[in-house]
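Understanding the architecture of this molecule
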Number of protein chains: 2
Amino acid sequence: MLTKKAYYAFQALTHLVERYNEGPVLISEISEERKIPLKFLENILLHLKNTGILDSKKGKGGGYFLKAHPSETRIAKVFRLIDGPIAMLPCVSLYFYQRCENCNEKFCGLHDILVEVRDATLAIMENRTLADLVAKDRNPVAGLVPPKM
Amino acid sequence: MLTKKAYYAFQALTHLVERYNEGPVLISEISEERKIPLKFLENILLHLKNTGILDSKKGKGGGYFLKAHPSETRIAKVFRLIDGPIAMLPCVSLYFYQRCENCNEKFCGLHDILVEVRDATLAIMENRTLADLVAKDRNPVAGLVPPKM
DNA sequence: AAAAAGTCTACTCGTTTGGTAGGGTAGTTA
DNA sequence: TAACTACCCTACCAAACGAGTAGACTTTTT
């Protein structure tokens, strides 16, 4: 399951996608409209800034905004930044791999199954971006020129 | 990520699949060969018995054994029994559904993405059984007559 | 200078995870 | 009946994690 932290992160990002190209958005605005505890949200947004997803501006008229076009940030990346591994076992993870002590991957049926699950999950999460977070029938970024990828 | 409890459960079940049709297996045997703490394993096996996956026999020559043919127990079921929901949010879960407070599922892009992830995961976990836990090239139950399903 | 905003450190507090220790009970078999 | 084995219970523990909270600090704008 997603942690609340990740859930909040996605809510905040959804908000920022909807306000894309409207300049910096206040933490307090996101906090109130999305009902996310202010100080908790502060941490989350800062983290997303330090890892390159967001950028910010201080002082009056400041706030947070997306660093890149929504379609450039993959859901999988955000997930990994907040909640860590996507795979269900360390021995199946691409980014957080750790060998199994008690079992040999070559003969472990569970390993094979969880590799399949990982691949199926990644096939989706690596191909969805922040732009997909907003409802399709009122997607404000749908008409924007997609960036070169 | 899987909890250790679930990981141990799958290891124990793998062991019991390999010993299928050889009569009851001692907790202590599984504990030693799979390096699972004895008392912890006791709980896990008991739980799996109470939920209909395993059966047991007391006294000399007793132990645990699979209640049904390995190919009759789906991986998804075991997972849910030990670790709970497979979905990444309660509002996306089939067996543990809970409505989202802060978002409307109809307009929530995250919801749509996680439904896809859930379906892709279940497509695998509902179609793999305990029989798939043992390595293919030495699968001792491969030759057994599959039960009517 | 003053106000507006993000930045940063640290702390709290409850729950879950992953155990350990030890007992007594009740079926089963030899 | 004795030995064996699962069953079931209580209690305890340490560490990590989850979900925040508090307060001071820094930077930018007006």
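Residues numbered from 1 in each chain as written. Chains lettered and ligands numbered in written order. Predicted model: local features only at pLDDT ≥ 70, side-chain atom pairs only at ≥ 80, totals over all residues. Heavy atoms only, no water.

**Considering the interface of chain B and chain A**
- In this assembly, 37 residues from chain B lie in contact with 37 residues from chain A.
- Area buried by chain B at its contact with chain A is led by B:Met1, B:Met88 and B:Ile113, which between them contribute 19% of it.
- Linking chain B to chain A there are 2 salt bridges.
- Ionic pairing is found between A:Arg128 and B:Glu116, a salt bridge with its closest N-O pair at 2.7 Å.
- With 11 residues, the single largest contributor to the side of chain B that touches chain A is helix α5 (residues 109-125) of chain B.
- Looking at side-chain class alone, the side of chain B that touches chain A contains 24 nonpolar, 4 polar and 9 charged residues. (Contact = heavy atoms within 4.5 Å. Buried area = accessible area lost by both parts, 1.4 Å probe. Salt bridge = Lys/Arg side-chain N within 4 Å of Asp/Glu carboxyl O. Helix = DSSP H or I, 4+ residues; strand = E, 2+ residues; numbered from the N terminus. Nonpolar A, V, L, I, M, F, W, Y, C, P; charged D, E, K, R; others polar.)

**Structural notes on the pairing of strand β1 (residues 54-57) of chain B**
Residues and elements named next belong to chain B.
- With 4 bridges joining them, β1 and strand β2 (residues 63-66) adopt antiparallel strand pairing. Following the sheet pairing, leucine 54 is matched in β2 by leucine 66.
- Once β1 ends, the chain turns through 5 residues before running back antiparallel as β2, passing glycine 59 with a positive phi of about 75°. (Pairing = 2+ DSSP bridges.)

**Examining the protein's contact with DNA strand D**
- If you check the shell around DNA strand D, you find 25 residues, and the closest are A:Tyr8, A:Lys39, B:Glu42, B:Ser56 and B:Tyr64.
- For DNA strand D, the backbone makes up 69% of the atoms found within 4 Å of the protein, where backbone means sugar plus phosphate.
- One of the backbone N or O atoms of B:Ile27 is found 3.0 Å from a phosphate oxygen in DNA strand D.
- Within the contact set of DNA strand D, a base nitrogen lies 2.8 Å away from a side-chain nitrogen or oxygen of B:Glu42.
- Breaking the surface near DNA strand D down by element, the ones donating at least two residues are α1 (4-18) and α3 (38-50) of chain A together with α3 (38-50), β1 and β2 of chain B. (Near = heavy atom within 4 Å. Polar contact = N/O pair within 3.5 Å; in protein donor to acceptor, adjacent residues only side chain to side chain.)

**Some details on the relation of the copies chain B and chain A**
- It takes a turn of 180° to lay chain B on chain A, together with a shift of 0.0 Å along the axis; the resulting RMSD is 0.1 Å. When the rotation and shift are considered jointly, the pair of chain copies conforms to a two-fold rotation axis. Proximity to the rotation axis, assessed at the C-alpha, singles out B:Ala120 in chain B; its C-alpha lies 3.0 Å from the axis.
- Mapped onto chain A, 100% of the interface residues of chain B are again interface residues, and the two copies thus contact each other with one and the same surface. (Least-squares fit on C-alpha atoms with pLDDT ≥ 70 in both.)

**Quick notes on a positive patch on the surface**
- Together, A:Lys49, A:Lys58, A:Lys67 and A:Lys77 give the surface a local cluster of positive charge.
- Examined against the element boundaries, A:Lys67 turns out to sit in the loop between β2 (63-66) and α4 (75-83). (Patch = residues over 30% accessible without salt bridge, like charges linked within 9 Å, V, L, I, M, F, W, Y side chains within 5 Å. Areas by Shrake-Rupley, 256 points an atom, 1.4 Å probe, with all protein chains shown as cover. Lys, Arg positive; Asp, Glu negative; His and termini not counted. Charge placed at Lys NZ, Arg CZ, Asp CG, Glu CD.)

**With respect to the pattern of salt bridges**
Residue and element names in this part refer to chain A.
- Going through the model one piece at a time under the given rule, you end up with 14 salt bridges over all chains.
- In this structure, glutamate 18 and arginine 34 form a salt bridge, with 3.1 Å as the shortest nitrogen-oxygen distance. With glutamate 18 in helix α1 and arginine 34 in helix α2 (residues 27-34), the pair connects residues that are 16 residues apart, well separated along the chain.
- The network of salt bridges with shared partners includes Arg19, Glu29 and Glu33.

**Brief notes about the protein's contact with DNA strand C**
- Not every one of the 26 residues close to DNA strand C is listed here, only the nearest: A:Lys49, A:Tyr64, B:Tyr8, B:Lys57 and B:Gly59.
- Expressed as a percentage, the sugar and phosphate content of the atoms of DNA strand C within 4 Å of the protein is 75%.
- A:Lys49 places a polar side-chain atom, nitrogen or oxygen, 2.7 Å from a phosphate oxygen of DNA strand C.
- In this structure, B:Lys58 approaches DNA strand C through a main-chain N or O atom, which is 3.4 Å from a sugar or linking oxygen.
- Among the secondary structure elements, those contributing two or more residues to the surface near DNA strand C are α3, β1 (54-57) and β2 of chain A together with α1 (4-18) and α3 of chain B.
- Ranked by residue count, the leading element in the surface near DNA strand C is α3(A), at 4 residues.
- Taken together, the residues that form the surface near DNA strand C break down as 8 nonpolar, 6 polar and 12 charged.

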